[in-house]
Every structure is written in C-alpha cells, then in structure tokens.
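Observations on the three-dimensional arrangement
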Amino acid sequence: MSTKDWPLWEVFVRSRRGLSHGHVGSLHAPDAQMALRNARDVYTRRQEGVSIWVVPASAITASSPDEKDEFFDPAGDKIYRHPTFYEIPEGVEHL
Amino acid sequence: MNTDLFAYTLRLGDDALVAAQRMGEWIANAPQLEEDVALGNIGLDQLGQARSLLSYAAEIEGAGRTEDDLAYLRDEREFTNLLICERPNGDFAVTIARLLYFATYQHLLYDALQGSSDETLSGVAGKAVKEVAYHVDHATQWVLRLGDGTEESHRRMQAGLDQLWPYTGEMLASDDLVGRLAGVAVDPSGFADEWHRRVRDVIETSTCAAPEASYQHTGGRDGRHTEAMGYLLAELQHVARSHPGATW
C-alpha cells in the first residue's frame, strides 16, 4: 500500500542490563517515535529487552563487499590478537 | 451469588472481549505489517483482560460456567458491553479514534479500580493499567500524526472522532449498579471531567476540532445493542457453537 513512503529503520535491543545493544532487525515507520513503538511491538513482545535504539537505515555507512580483502584479510594470520592465551578469571561472564 | 458483583465484572469483561474482537479484525488488514502487529498486541492485551474478568465472573456466579461459556454461549441481549466497543472498525482513523476514547476510559477506570476493596478486581486492574497506558500512547501518536498530517488524513481523523463521539457519553455515565457497589466498583462519572480534558488535549494538539456535544446513544449496559453486534457475535461464536465442547 504505502510501504514505499515509510523509511526503513534498523533496530537495536539491549536484552538486559550490562550487555550492549545488539542488532535484531529492521522495520518501516513514518518517524523515529513511531519506529521506537513499532520496535517495541515487533521485537520485544516476549520480554526480549530493556532498552531499544532505532536508527534510520540510511544513516548507516556500511563496508562494501568489494573491500572485503583489504578490510578483513590482514587480520586472518594474527592469532596473537585473540585473547586465547590468557586464563579467564572465574566469575567473568561477558568477556 | 453476589449478583451485583457478577454483573459488574461481566460488563467490564464484555467491554474488553468485544474490543479485542474488533482489534483482531485488523490482523492482516492493517496499513503496514508493523501496525498489524501493534493492533494485534493491543487486541491480545484486551483479550487477556477479558479472560481474567470473565473467569472471575464465572467464579462469582458459581453455576459451573466457564469463561468460554460466557464468551461463546451467551446471546446478544446478555452482553453488557459499551456500544462504542462493538461499532464497526471503519477506516484506520475510526479505529484509532475509538482506541483514543476507549483506552483513555479504560486507563482512568483501571487506575481507580486498583483501589477496589475486591482483591481480584484490584489485581486485574493493576496489571491492565500498564497495558492500557500503552494503548493510549499508541492512539495518541496516531491521532497527532493523522490530524496534523495531510489534508486527507486530517479529514479522515476528524470524521472518525466525530463519528464515535455520540458513543462516549455512555462510557462516562453512572448507574445504579456502580452506586450499589461503592468501594468495589468505580463510578465513571467521577473521572468524566478528566477524560474530557485528556481527550480534548490530544484532539486539539492534533489540529482537529473537539467534537461538539451531540445526541448520545445508550443501551449497551442493558443489553440493547446496535445493529453491528449480531454480526460481531456470529463471527466470535460460530466455531464454538458449531463444534460444542471441541478442544485443541
């Protein structure tokens, strides 16, 4: 009907305190306030979150698949960047 | 059986049940998928309130009937919901106008009902008041956007508000039943001014005009319904009546 008139929004939900907001999906809404409410209805109806962010999809600058090699390949052979050589103290849950 | 308490619980349950049925009609018909989910959620909130209230009514009656019996096996004249709940959905603006009127009413009602001396009613109200606050917000957001949107959306929003105004008086009227249940029930006339203030505030901010005083329909609380009610009940009840006692 009028989907083309409503901009796309990306939705980020924080599932509980102490965690960061994670991307959960996208939706259409006429403006930011309605996007927030739609996100509440579409993505948190089963108590998935304690906080919601909505961002206009058009405001997101994404890396291009064409740049994949120079962006990501150099990290491939540097295993010392991974924190796998350390003992994780007990009680640290979200490392 | 406490006949008055039964009648009171039943009428609040009927309001919620019939409102939920109308909301359900929007599923797969709303202007957007997102709005589909929003209206569906609101309808489910209302249905949840209806279930709590009708179950409690059945318990008060103590005649072995269940919430399902009350929902599916009563005839039109035995339903005591407000007429505004049963009026057809109309276009989206009419539905939003009803949600503004009805949810604002329910919010004031449940808020006051939390102080009821009846613990079950007070408990149901305590849970419902938060749900209904969201319904008011949803309606408000849309009235503001449609009223202050395009020429066409403004015209439709105004028409929706005007069309249902003659059914608002019944919501805010007192009657003998709530008088006899002082301390248990809430007399809507006690919050009528506040209802008018809140609704008028939204309407005027939306650049629509508050509808003028007009003839007010009544009869719902006595089981005298509009022509829309029979069709609504036919759709609501026909499966349960065609297959008596069927379970999932």
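Residues numbered from 1 in each chain as written. Chains lettered and ligands numbered in written order. Predicted model: local features only at pLDDT ≥ 70, side-chain atom pairs only at ≥ 80, totals over all residues. Heavy atoms only, no water.

1. Re the overall build of chain A
Along chain A, the regular secondary structure elements total 2 helices and 3 strands. Since a compact globule built from 95 residues should have a radius of gyration of about 12 Å, the 18 Å found for chain A marks it as more spread out than a globular shape. Principal-axis analysis of the C-alpha atoms gives chain A an extent of 55 × 40 × 15 Å. The buried share among the 95 residues of chain A stands at 20%. Across chain A, every contact between residues at least 6 apart in sequence was considered, and the portion connecting residues at least 24 apart equals 43%. Accessible area of chain A: about 7300 Å², with a carbon and sulfur share of 53%. Mean positive and mean negative side-chain charge positions of chain A (11 and 14 charges, respectively) differ by 10 Å. (Helix = DSSP H or I, 4+ residues; strand = E, 2+ residues; numbered from the N terminus. Rg over C-alpha atoms; globule rule 2.2 N^0.38 Å. Buried < 20%, exposed > 50% of the residue type's maximum accessible area, 1.4 Å probe, protein only. Contact = heavy atoms within 4.5 Å. Areas by Shrake-Rupley, 256 points an atom, 1.4 Å probe, with all protein chains shown as cover. Lys, Arg positive; Asp, Glu negative; His and termini not counted. Charge placed at Lys NZ, Arg CZ, Asp CG, Glu CD.)

2. A closer look at the environment of Pro211 of chain B
All names here are of chain B. Inspection of the secondary structure puts Pro211 in the loop between helix H9 (192-205) and helix H10 (228-242). A C-alpha to C-alpha distance of 21 Å links Pro211 and Leu108, two positions 103 residues apart in sequence. Setting aside anything within four residues of it in sequence, one finds Pro211 in contact with Tyr101, Leu161, Asp162, Trp165 and Ile203.

3. Side note on the sheet that holds strand S2 (residues 22-28) of chain A
Residue and element names in this part refer to chain A. Taken in spatial order, the 3 strands line up as S2-S1-S3 in an open sheet, and their pairing is antiparallel. With one partner strand each, in any of the chains shown, S2 and strand S3 (51-56) form the two edges of the open sheet. Sheet twist, expressed as the mean angle between neighbouring strand axes with direction ignored, is 30°. Across the sheet, helix H1 (residues 32-43) lies against strand S1 (8-14), S2 and S3, angled at about 115° from S2, the strand it touches most. (Pairing = 2+ DSSP bridges. Axes fitted to C-alpha atoms, helices over the stretch in contact; angles between N-to-C directions.)

4. Considering helix H1 (residues 3-24) of chain B
Between its first and last C-alpha atoms H1 of chain B spans 31 Å; for 22 residues at 1.5 Å apiece the expected length is 32 Å, and the two agree. Counted residue by residue, H1 of chain B has 18 buried out of 22 residues, so it is predominantly covered. (Expected span 1.5 Å × (residues − 1).)

5. A few points about the interface of chain B and chain A
Each partner contributes to the interface: chain B provides 14 residues, whereas chain A provides 16 residues. Around 1400 Å² of area is buried between chain B and chain A when both sides are counted, 53% of it from carbon and sulfur atoms. When the buried area of chain B at its contact with chain A is split by residue, Gln32, Glu34 and Tyr134 of chain B rank highest and sum to 42% of it. Summed over the shared surface of chain B and chain A, the result is 2 salt bridges. The salt bridge partner of Asp137 of chain B is Arg37 of chain A, with a shortest N-O separation of 2.4 Å. Remark: the boundary between chain B and chain A carries 7 residue pairs in polar contact (both at pLDDT 80 or more). When residues in the side of chain B that touches chain A are grouped by element, the largest group, 6 residues, is from helix H6 (residues 119-147) of chain B. (Buried area = accessible area lost by both parts, 1.4 Å probe. Salt bridge = Lys/Arg side-chain N within 4 Å of Asp/Glu carboxyl O. Polar contact = N/O pair within 3.5 Å; in protein donor to acceptor, adjacent residues only side chain to side chain.)

6. Quick look at the confidence of the model for chain B
Regions with low pLDDT carry predicted coordinates that are not meant to be interpreted in detail. Considering every residue of chain B, the mean pLDDT works out to 96; 100% of them sit at 70 or more. At the level of chain-chain contacts, confidence expressed as ipTM amounts to 0.74, with global pTM at 0.88. (pLDDT = per-residue confidence, 0-100.)

7. Quick look at the pattern of salt bridges
Residues and elements named next belong to chain B. Applying the stated criterion to the full structure yields 20 salt bridges over all chains. For Arg241, the salt bridge goes to Asp75, with nearest N and O atoms at 3.1 Å. With Arg241 in helix H10 and Asp75 in the loop between helix H3 (67-72) and helix H4 (83-86), the pair connects residues that are 166 residues apart, well separated along the chain. Note on Asp75: relative accessible area 44%, which makes it partly exposed.

8. What to know about the side chain of Gln106 of chain B
Secondary-structure assignment places Gln106 of chain B in helix H5 (residues 92-113). In contact with Gln106 of chain B, not counting residues within four places along its chain, are Ala16, Gln49 and Val132 of chain B.

9. Describing the confidence of the model for chain A
For chain A, the average pLDDT comes to 86, and 95% of its residues sit at 70 or higher. Mean pLDDT across the secondary structure elements of chain A bottoms out at helix H2 (residues 68-72) of chain A, with 82, and peaks at S3 of chain A, with 96.

10. Brief notes about unusual backbone geometry
Positive phi outside glycine occurs at Gln47 of chain A, with the angle close to 60°. Mapped onto the elements of the fold, Gln47 of chain A is located in the loop between H1 and S3. The phi angle at Thr207 of chain B is positive, at roughly 75°, despite the residue not being glycine. Look at Thr207 of chain B and you get partly exposed, because its relative accessible area is 43%.

11. A short note on the side chain of Thr44 of chain A
Residue and element names in this part refer to chain A. With respect to the secondary-structure elements, Thr44 resides in the loop between H1 and S3. Overall, Thr44 belongs to the buried group, its relative accessible area being 16%. Discounting chain neighbours no more than four positions away, the residues touching Thr44 are Val13, Ala39, Gly49 and Ile52.

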